Amino acid sequence: MKSKEQVLQMIEDSGMVAVVRGETAEKARAIVESCIEGGIKAIELTFTVPFAHRVIEDLAMQYSDQILLGAGTVLDPETARIAILSGAQFVVAPHFNPETTKLCNRYRIANMAGILTVREAVEAMEAGVDVLKLFPGDLFGPAFIKDIRGPLPYARIMPTGGVSVSNAGDWIRAGAVAVGAGSSLMKGDVKANAAAFMEEIRKARG
């Protein structure tokens, strides 16, 4: 099993986290497989997917040597614990919940929590959140990262919400450690979209 530090470094190296939702477990699994074929190395399967913990368990057994598999839309520590037991290597929440962060830190699991203000960012970092999930990112745009990293230069930020192929590079150049994308990734050909995202991130990083 990869260490927390390895997981965080691999997410940053990849630069992209695919946020996978689906009306059924089968659809979610198909999207994950298309993302993998398109070159995405970090997958966040959300707990809005029916029987999400079972899907995570199946994917972890099959693809653990190929990808980083995380759990998304984790609203409480109980769900985080289920996700971890199912094989999730990182946990993502749309908001900051101190108890969820505490549980993740107890088990040395990488944790991302949603923030929208400097105050929320500081509180999340003080509690031990590893990556600040700027959500929804389209409310502010890439300039927000530069602004927040003025007083908090050590903040690790990943925008989600409104991230697309056309602006992924802007987010990376603004200082995002990675970007998270869901709806824009799933419109049309998921494999082609995934490859396009990865290419834009490579170009942005020079």
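Quantities reported herein were computed from a predicted structural model and do not represent experimental measurements.

(A) Molecular detail of the environment of Gly 169. Examined against the element boundaries, Gly 169 turns out to sit in helix α8 (residues 165-173). On the basis of relative accessibility, which here comes to 3%, the residue Gly 169 falls in the buried class. Residues Gly 169 and Pro 77, 92 residues apart in the sequence, show an inter-C-alpha distance of 33 Å. Discounting residues that sit within four places of it in the chain, Gly 169 has contacts with Glu 200 and Ala 204.

(B) View of the pairing of strand β6 (residues 131-134). Covered by surrounding structure in β6 are Val 131 and Lys 133 together with Leu 132 and Leu 134, the residues of both alternating faces. Judged from the three bridges that link them, β6 and strand β7 (residues 157-159) form a sheet pairing that is parallel. Bridging from a neighbouring strand, Lys 133 pairs with Met 158 of β7. Handedness of the crossover joining β6 and β7 through helix α7 (residues 143-148) is recorded here as right-handed.

(C) Quick look at helix α4 (residues 77-86). For α4, the set of buried residues is Pro 77, Thr 79, Ala 80, Ala 83, Ile 84 and Ser 86. Its buried side turned inward, α4 meets α3 (52-63), β3 (68-72), β4 (90-93) and α5 (98-106).

(D) Quick look at the sheet that holds β6. The strand order across the open sheet built from eight strands is β7-β6-β5-β4-β3-β2-β1-β8, with neighbouring strands paired in parallel fashion. Two strands in the sheet have a free side with no partner beyond their single neighbour: β7 and β8 (179-181). Along the sheet, successive strands turn relative to each other by an average axial angle of 25°, direction set aside. Bridge count between strand β5 (residues 110-115) and β6: four bridges; the pairing is parallel. Of the residues in β6, the one forming a bridge with Ala 113 is Leu 132.

(E) Representation of the packing of α8 against helix α10 (residues 190-204). In the contact formed by α8 and α10, the axes pass within 8 Å of each other and the chain directions differ by 30°. Here the hand of the crossing between α8 and α10 comes out right-handed. Where α8 abuts α10, its residues Val 165, Ala 168, Gly 169, Ile 172 and Arg 173 lie against Asn 193, Ala 196, Phe 197, Glu 200, Ile 201 and Ala 204. Taken together, the residues that form the contact of α8 with α10 break down as seven nonpolar, two polar and two charged.

(F) Examining the side chain of Ser 164 more closely. By secondary structure assignment, the location of Ser 164 is in the loop between β7 and α8. A polar contact is formed between the side chain of Ser 164 and the side chain of Ser 166, at a distance of 2.9 Å. Setting aside its immediate chain neighbours within four residues, Ser 164 contacts Ser 184 and Phe 197.

(G) Seen up close, helix α1 (residues 4-14). For α1, every residue scored as buried is listed here: Lys 4, Val 7, Leu 8, Ile 11 and Ser 14. Down the axis of α1, the sector holding all buried residues measures 130°, keeping them to one side. Following α1 by one or two positions, Gly 15 adopts a phi angle in the positive range, close to 80°.

(H) Representation of the nonpolar core within the structure. Core analysis: the largest hydrophobic core is formed by 59 residues, its most contacted members being Met 16, Ile 40, Ile 43, Leu 45 and Leu 185. For Met 16, the contacting residues outside a window of four places in its chain are Ile 11, Ile 40, Ala 42, Ala 178, Val 179, Ala 181, Leu 185, Phe 197, Met 198 and Ile 201. In terms of nonpolar packing, the next biggest core, distinct from the first, is built from 14 residues, Val 7, Leu 8, Ala 42 and Val 92 among them.

Cut-offs applied
- Residues numbered from 1 in each chain as written.
- Predicted model: local features only at pLDDT ≥ 70, side-chain atom pairs only at ≥ 80, totals over all residues.
- Heavy atoms only, no water.
- Helix = DSSP H or I, 4+ residues; strand = E, 2+ residues; numbered from the N terminus.
- Buried < 20%, exposed > 50% of the residue type's maximum accessible area, 1.4 Å probe, protein only.
- Contact = heavy atoms within 4.5 Å.
- Pairing = 2+ DSSP bridges.
- Right-handed = clockwise from strand over helix to strand, strands pointing away.
- Axes fitted to C-alpha atoms, helices over the stretch in contact; angles between N-to-C directions.
- Left-handed = near helix turned anticlockwise from the far one by under 90°.
- Nonpolar A, V, L, I, M, F, W, Y, C, P; charged D, E, K, R; others polar.
- Polar contact = N/O pair within 3.5 Å; in protein donor to acceptor, adjacent residues only side chain to side chain.
- Arc of directions from axis to C-beta.
- Core = buried A, V, L, I, M, F, W, Y, C linked by side-chain atoms within 4.5 Å.

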